[in-house]
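One-letter residues, chain by chain:
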Amino acid sequence: MEATGTDEVEKIKSKFMSAWHNMKYSWVLKTKTYFSRNSPVFLLGKCYHFKTDESGELSTDGSNFDKINTEISGNVEEFRKDFISRIWLTYREEFPQIKGSALTTDCGWGCTLRTGQMLLAQGLMLHFLGRAWIWPDALDVDNSDSESWTAHTVKKLTASFEASLTAEREPKILSNHHQGTLKRNCDDNEMRNEVYHRKIISWFGDSPLAAFGLHQLIEFGKKSGKIAGDWYGPAVVAHILRKAVEEARDPELQGVTVYVAQDCTVYSSDVIDRQCSFMDSGKAGTKAVIILVPVRLGGERTNMDYLEFVKGILSLEYCVGIIGGKPKQSYYFAGFQDDSLIYMDPHYCQSFVDVSIKDFPLESFHCPSPKKMSFKKMDPSCTIGFYCRTVQEFEKASEEITKMLKSSSKEKYPLFTFVKGHSRDYDFASSPLHEENDLFSEDEKKRLKRFSTEEFVLL
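The rules we used
Residues numbered from 1 in each chain as written. Predicted model: local features only at pLDDT ≥ 70, side-chain atom pairs only at ≥ 80, totals over all residues. Heavy atoms only, no water. UniProt positions renumbered as here; feature names shortened; annotations may be inferred. Helix = DSSP H or I, 4+ residues; strand = E, 2+ residues; numbered from the N terminus. Contact = heavy atoms within 4.5 Å. Areas by Shrake-Rupley, 256 points an atom, 1.4 Å probe, with all protein chains shown as cover. Buried < 20%, exposed > 50% of the residue type's maximum accessible area, 1.4 Å probe, protein only. Axes fitted to C-alpha atoms, helices over the stretch in contact; angles between N-to-C directions. Parallel < 35°, antiparallel > 145°, perpendicular 65-115°, else oblique. Left-handed = near helix turned anticlockwise from the far one by under 90°. Nonpolar A, V, L, I, M, F, W, Y, C, P; charged D, E, K, R; others polar. Expected span 1.5 Å × (residues − 1). Arc of directions from axis to C-beta. Core = buried A, V, L, I, M, F, W, Y, C linked by side-chain atoms within 4.5 Å. Phe/Tyr/Trp six-rings, centres within 6.5 Å; stacked < 30°, edge-to-face > 60°. Pairing = 2+ DSSP bridges.

The protein goes by Cysteine protease in an unreviewed UniProt entry, where it is assigned to Chunga burmeisteri. UniProt, in its Catalytic activity (unreviewed entry) section for the protein, records the words "[protein]-C-terminal L-amino acid-glycyl-phosphatidylethanolamide + H2O = [protein]-C-terminal L-amino acid-glycine + a 1,2-diacyl-sn-glycero-3-phosphoethanolamine". If you open the UniProt record of the protein and go to Subcellular location (unreviewed entry), you find "Cytoplasm".

### Let's talk about the overall build of the protein
Along its length, the protein carries 12 helices and 15 strands. Sequence separation of 24 or more characterises 75% of the internal contacts of the protein that already satisfy a separation of 6 or more. Summing over all exposed atoms, the protein offers an accessible surface of approximately 20,800 Å²; the carbon and sulfur share of this is 52%.

### Remarks on the environment of Cys367
Relative to the assigned elements, Cys367 resides in the loop between β12 (350-351) and β13 (371-374). It is 5.5 Å that separates the C-alpha atoms of Cys367 and Ile84, two residues lying 283 residues apart in sequence. Setting aside residues no more than four positions away along its own chain, Cys367 makes contact with Phe83, Ile84, Trp88 and Met344.

### So, unusual backbone geometry
Even without a glycine there, the phi angle at Leu44 is positive, about 45 degrees. When you line up the elements, Leu44 lands in the loop between β2 (41-43) and β3 (46-48). On the basis of relative accessibility, which here comes to 0%, the residue Leu44 falls in the buried class.

### Concerning the packing of helix α3 (residues 111-128) against helix α6 (residues 188-203)
At their nearest, the axes of α3 and α6 sit 10 Å apart, and the two run at 155 degrees to each other. When the axes of α3 and α6 are compared, the pair comes out roughly antiparallel. Here the hand of the crossing between α3 and α6 comes out right-handed. Between α3 and α6, the residues in contact are Ala121, Leu124, Met125 and Phe128 and Arg192, Tyr196, Ile200 and Trp203, respectively. By residue class, the composition of the contact of α3 with α6 is seven nonpolar, no polar and one charged.

### Examining helix α11 (residues 391-408)
In this model, α11 (18 residues) spans 26 Å end to end at C-alpha, consistent with the 26 Å of a helix rising 1.5 Å per residue. Every buried residue belonging to α11 is among Val391, Phe394, Ala397, Ser398, Ile401, Met404, Leu405 and Ser408, and all of these are buried. Summarising the axial view, the buried residues of α11 lie within an arc of 140 degrees, below the 170-degree limit, and thus occupy one face. In α11, the exposed residues that point more than 90 degrees away from the buried face are Gln392, Lys396, Glu399, Lys403, Lys406 and Ser407.

### Details of the nonpolar core
Of all hydrophobic cores here, the largest spans 73 residues; its most connected members are Leu124, Ile200, Trp203, Phe204 and Phe212. Among the elements that take part in this core, α3 stands out by supplying nine residues, more than any other. Not counting chain neighbours up to four residues away, the residues in contact with Leu124 comprise Leu129, Ile200, Trp203, Phe204, Phe212, Leu253 and Val256.

### Details of the environment of Leu103
By the element assignment, Leu103 lies in the loop between β5 (92-93) and α3. Along the primary structure Leu103 and Gly229 are separated by 126 residues, whereas in three dimensions their C-alpha atoms are 8.1 Å apart. Among residues more than four places away in sequence, those in contact with Leu103 are Phe95, Pro96, Gln97, Ile98, Trp109, Ala228 and Gly229.

### Focus on the side chain of Ser268
On the secondary structure map, Ser268 appears in helix α9 (residues 268-275). Given a relative accessible area of 12%, Ser268 falls into the buried group. Every residue in contact with Ser268, bar those within four places of it in the chain, is listed here: Phe394, Val419, Lys420 and Gly421.

### Some points on the packing of aromatic side chains
To describe a pair of aromatic rings, one takes the distance between the centres and the angle between the planes. Counted by the stated rule, this structure contains 20 aromatic pairs. Look at Phe42 and Phe336: their rings are 4.9 Å apart centre to centre, the planes differ by 10 degrees, and that puts the pair in the stacked class. With Phe42 in strand β2 and Phe336 in strand β10 (residues 329-337), this residue pair connects regions lying 294 residues apart in the sequence. A single burial state applies to Phe42 and to Phe336, both of which are buried.

### Section: the pairing of strand β6 (residues 256-260)
Burial within β6 is extensive, with five of its five residues counted as buried. Burial along β6 is two-sided: the residues Val256, Val258 and Val260 and Thr257 and Tyr259 are all buried. In terms of strand pairing, β6 meets strand β8 (residues 288-296) through five bridges, oriented parallel. Residue pairing in the sheet places Val256 in a bridge with Ala288 of β8.

Have a look at this one:
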């Protein structure tokens, strides 16, 4: 009886905290972001120009498209479609209880896990859909003189949240959307892309069975001494993502692997070994690799000398973003304009969506509006991600990034390095697959423990 009473208190406390954080972060979708008309905008390797003869700023919510010419308006539309098509993973509430706790929400503590999920999701999108893929419904919003694009989208999001919580689980609210989808003359490729779009999102669902869902990531985090409710820094999350991909059993995921740099060093032979490893099917094949590099961009504060390098990294199409943020908050950085970083914010508490149902609502997994933040406000601790489909692409990327590191570094040593050979050749413990009952090696556990004490502060 006492245990039951304690659980009830924890549930009430959890609901109260969810309501508080939802109110606290409700501004995330309400504030507008302005972009300069005179500077290019980069988003994960793609460049957009909003340049006009007039000076000033441009809002991406569509509220002042009538003030700019058709060519620039079209470019803004392309940017919006591209941005909205990225997968957005935020705080959620009322999901199945996390094993070993009474928590049914990650509000207030799970933001770095969410930004890590977004980075991995972008890597999987590159793998299955390609960088050119755009969600066909990204701009499926009615234009209205009385409502801004953002306000209308928030109403649609609210409707989708309510739909996800109905007892029937038959999305009547989405019937028009579903009909619209059927009316489109989709070719086989578009239908295939939509299947993968939904499948990728389902891998990040908030349920114990989802391969990269919060529940699974927390289970892997336990191996490094973390529990639900703890703060997870960018480096710790990088290692958790590697283990999650390693342990994923979906046949579709057997062609992807994750490599985490050791002490700011990428050992080329270790990466290639991972790419050329045998798949579970027993057939030899080359795997795509997502390379994660935990780094610090300075001491207590971010060193502005690293700005050009970060901008260079986000200008690469094989960059899958940066797990970072500002002190006390984690963001997923995906682009930049001038000296400001463009990001997606996980600090918005949304209702649980059951991704196991057919035609589950997608709107809440796509961010309606980008946010910007000055680079100098960035916390120095972050993890940079890259995707390489083949060994040849990895070798080309390592050469390109090495040149970028050398040209942008004003210090004696670059931010990180690519080294030929294996880590074992340099007297470091390699990171092969370990026994199932020991997901992290002793060396990894020490490294994770060190990282966990260096990084962000709990909200």
